[in-house]
Amino acid sequence: MSRRMVLGLLFLSFIIPFGVLIYLSVSTQWYYPALVSHPFTFSNWLSFFDGRSGLLKSTGLSIFISLMVSMIATSCGFFISRGIVYYTSSRWWLVSAYFPYVIAPVVLAVMLNYYFLQIGLSGTVFGVMSAQILITLPYAVILFYGFWNRNIRNFENLVATLGGSFFDKVMHAFLPSAKGLLVVCFFQCFLISWFEYGLTQFIGIGKVETLTIMVYRFVAESNPYLAALAGTVLIIPPIILLFVNRKFMFRKGLGI
Amino acid sequence: MAKKLIPLLFTVLCLLPLGLSIGYSFLYSIGGVGLLSEGLTLQHWGDLFRGEFLHSMLYSLWIALASAGGALGLALTALFTLRHHFQSNSFYRLLFLPLTIPPIVVAFVILQMYSGSGILSRLAVQSGLIDGSQQFPALVQDPYGIGILLAHLFIVFPFFLLVLLNLYQNNRLDEIERVASSLGADSTTIRFKLQLPILMRGLFPLLILYIIFFMGAYEIPLLLGQSSPQMISVLILEKLQRFNLGDIPVAYSMAVWYAAICIITISYLLMMHRSKEAI
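Since the structure is predicted, the reported quantities are computational estimates derived from the model, not experimental observations.

Caption draft 1: Structural context of the overall build of chain A. When helices and strands are counted, chain A shows 13 helices and zero strands. Tracing chain A from N to C terminus, the helices and strands come up as α-α-α-α-α-α-α-α-α-α-α-α-α. Viewed in the frame of its principal axes, chain A has a C-alpha envelope of about 75 × 60 × 35 Å. Looking at chain A residue by residue over its 256 residues, the buried ones come to 42%. When contacts within chain A are restricted to residue pairs at least 6 apart in sequence, those whose partners lie at least 24 apart make up 71%.

Given below as structure tokens:
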């Protein structure tokens, strides 16, 4: 088999899932063993846009949760990482940031659930957001940890020497230097939140119906058409982010 | 003020919830709290190493090692054989595509493709290879976790390849190859004694992280795994949500042990990495 054929097969395997999702989202009555001889319809998509399937509401909710979580995690993580680098000397601070991040989110949710129930956060959008921030915030801290190097500190000192306040440092030293990393962190946190299922399901107790929850619900209801539709909607934002983010993601790629 | 405030904020926002949750789970697991608690006991911990937990941990480890090992093997093969093709802008960018699909959607697609009534089975019937779904081999919800492995490979193989391509470029392995070749080294020696150790040193922390992530995978084994043995996250949730209240302390014991294993592993890994950097 030639190398080009292997490459073709490789990329075919990457493309097939997108094809399967779109194909099923416009299918109906897809009974075994039919492959293409079943009826096709846009009614699933129409039910998405007119709100009957509940997916439009889930999409809005997912976007709201992911945007809020990524904004809070990125902004807090940025300044917390600065504090940890500048004001602590032990490496354990960085190591401990990995702890919430490496434990499976659903197991973290199981262990946290008692407190969420006591505070009344279980089954609420705010509860799901709080739980997701517990994962994304340490991730942001880890991501920004390497940013606070000697150059940034010198730059910061220069602004201070010229009489700049902390606000001036932020505006003229931190933000211009960290712009790219802030965008990458925002998108990464957005994706962590957007992809999250287990923790959202357990803390949200099924009441917070994000898109990932809807995918599983439709699969459990043996409705592959709406599950595929929800799956298609789920992959649209990451693809847009990939396109918008390409300047930052591809910059280091093979000198391209 | 900020000197104390920021680390305190980090502790309150990140570490305190984790510490409290592990503490509560620990107390529940030894009978310190809970609806049916009859006083402190180590019975639930003792039970763990005789039954489901041990099987589940070994099964999770097998899935994690096979997924990470498989993805690494495929990525290294692709790197050494197809590397030049990825210098093309469009091919390189295509590697990012699988990273845009959430794990639950990957699991759903694998289910639709490889299940008894899936697309491959339908293709086999239409082409006359089999007569019905019962003749199609079990590729999902199977004892070996083939469906789970396929889903994990789909997610992580392109990522490993992207990392390896960058490591290859950043470590100037092309130049090393040229120099070694001019000194008389054969291609096997260059691959396995020069390039592979450099690549593995760069990839090792990521590999361990992924093994930990795969061990705790939830949504993929939930859809594609069998009912016994289950992966650890699925088993913990099942124990916790059963009607038998007696299973709840067992679920918390499993959660505590699993969390402890994750924390110890990552601490060891990061501290070891630090020691190597220091050397």
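Caption draft 2: Fine view of the nonpolar core. Formed by 146 residues in total, the largest nonpolar core has its most connected members in A:Val107, A:Val215, A:Ala230, B:Ile110 and B:Ala255. At 14 residues, helix H7 (residues 146-170) of chain B tops the list of elements feeding residues into this core. Apart from the residues within four sequence positions on either side, A:Ala230 is in contact with A:Leu55, A:Leu211, A:Met214, A:Val215 and A:Phe218.

Caption draft 3: Molecular detail of the interface of chain B and chain A. Residue-level contacts link 69 residues of chain B with 62 residues of chain A. Examining the composition of the side of chain B that touches chain A, we find that 16 residues originate from one element, helix H1 (residues 2-29) of chain B, more than from any other. Grouping the constituent residues of the side of chain B that touches chain A by class yields 48 nonpolar, 16 polar and five charged.

Caption draft 4: Focus on the confidence of the model for chain A. Scored by pLDDT, chain A has a mean of 90; 95% of the residues are at 70 or more. Taken as a whole, residues 251-256 of chain A scores under 50 in pLDDT and shows 12 contacts with residues more than four places along the chain or in a different chain.

Caption draft 5: Expanded view of the packing of helix H1 (residues 3-25) of chain A against helix H5 (residues 103-114) of chain B. Following both chains from N to C, one finds H1(A) and H5(B) inclined at 80°, their axes separated by 10 Å at the closest point. When the axes of H1(A) and H5(B) are compared, the pair comes out roughly perpendicular. Facing H1(A), whose interface residues are A:Pro17, A:Val20, A:Leu21 and A:Leu24, H5(B) presents B:Val106, B:Val109, B:Gln112 and B:Met113.

Caption draft 6: Structural detail: the confidence of the model for chain B. All names here are of chain B. In this model, chain B carries an average pLDDT of 89, and 97% of its residues clear a pLDDT of 70 or more. Looking at the elements of chain B, mean pLDDT is at its lowest for helix H2 (residues 43-48), recorded as 81, and at its highest for H5, recorded as 96. In the predicted complex, the global pTM is 0.91; the interface-specific ipTM is 0.90.

Caption draft 7: Quick look at the environment of A:Leu158. Residue and element names in this part refer to chain A. Structurally, Leu-158 is set in helix H8 (residues 150-161). Leu-158 gets classed as partly exposed once you count the C-beta atoms within 10 Å, which come to 13. In this structure the C-alpha to C-alpha distance between Leu-158 and Lys-169, which are 11 residues apart in sequence, comes to 9.1 Å.

Conventions adopted
- Residues numbered from 1 in each chain as written.
- Chains lettered and ligands numbered in written order.
- Predicted model: local features only at pLDDT ≥ 70, side-chain atom pairs only at ≥ 80, totals over all residues.
- Helix = DSSP H or I, 4+ residues; strand = E, 2+ residues; numbered from the N terminus.
- Buried ≥ 20, exposed ≤ 12 C-beta atoms within 10 Å, placed from the backbone.
- Contact = placed C-beta atoms within 7 Å.
- Core = buried A, V, L, I, M, F, W, Y, C linked by C-beta atoms within 7 Å.
- Nonpolar A, V, L, I, M, F, W, Y, C, P; charged D, E, K, R; others polar.
- pLDDT = per-residue confidence, 0-100.
- Axes fitted to C-alpha atoms, helices over the stretch in contact; angles between N-to-C directions.
- Parallel < 35°, antiparallel > 145°, perpendicular 65-115°, else oblique.

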